[in-house]
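For reference, the chains in residue letters:
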Amino acid sequence: MKKTYKIDVDCANCANKMEQAAKKTEGVRDAVVNFMALKMTVEFEEGAVPAEVMKKVLANCKKVEDDCEIYL
């Protein structure tokens, strides 16, 4: 399953850091951040609960870029 989320991030490098952090999160098969559109598309692994996984994704993104936001 894929879902798209609105994000708030200051620069393309920060968006790249968010993408890498999301990809490393358990329950995420793939993630793509589009800095120009300020959107993150996340593909979840089979059986994953998107709401729970996205809480972990947000926490991981905050570790690498503390002023980013994902609107869940």
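Residues numbered from 1 in each chain as written. Predicted model: local features only at pLDDT ≥ 70, side-chain atom pairs only at ≥ 80, totals over all residues. Heavy atoms only, no water.

1. Remarks on helix H2 (residues 50-64)
Here comes step 1: Between its first and last C-alpha atoms H2 spans 21 Å; for 15 residues at 1.5 Å apiece the expected length is 21 Å, and the two agree.
Here comes step 2: Restricting attention to buried positions, one finds in H2 the residues Pro 50, Val 53, Met 54, Val 57, Leu 58 and Cys 61. Down the axis of H2, the sector holding all buried residues measures 145°, keeping them to one side. Seen from the buried face of H2, the exposed residues on the opposite side, beyond 90 degrees, are Lys 55 and Lys 63.
Here comes step 3: Looking at the buried side of H2, the elements it contacts are strand S1 (2-8), helix H1 (12-23), strand S2 (28-34), strand S3 (39-44) and strand S4 (69-71). (Helix = DSSP H or I, 4+ residues; strand = E, 2+ residues; numbered from the N terminus. Expected span 1.5 Å × (residues − 1). Buried < 20%, exposed > 50% of the residue type's maximum accessible area, 1.4 Å probe, protein only. Arc of directions from axis to C-beta. Contact = heavy atoms within 4.5 Å.)

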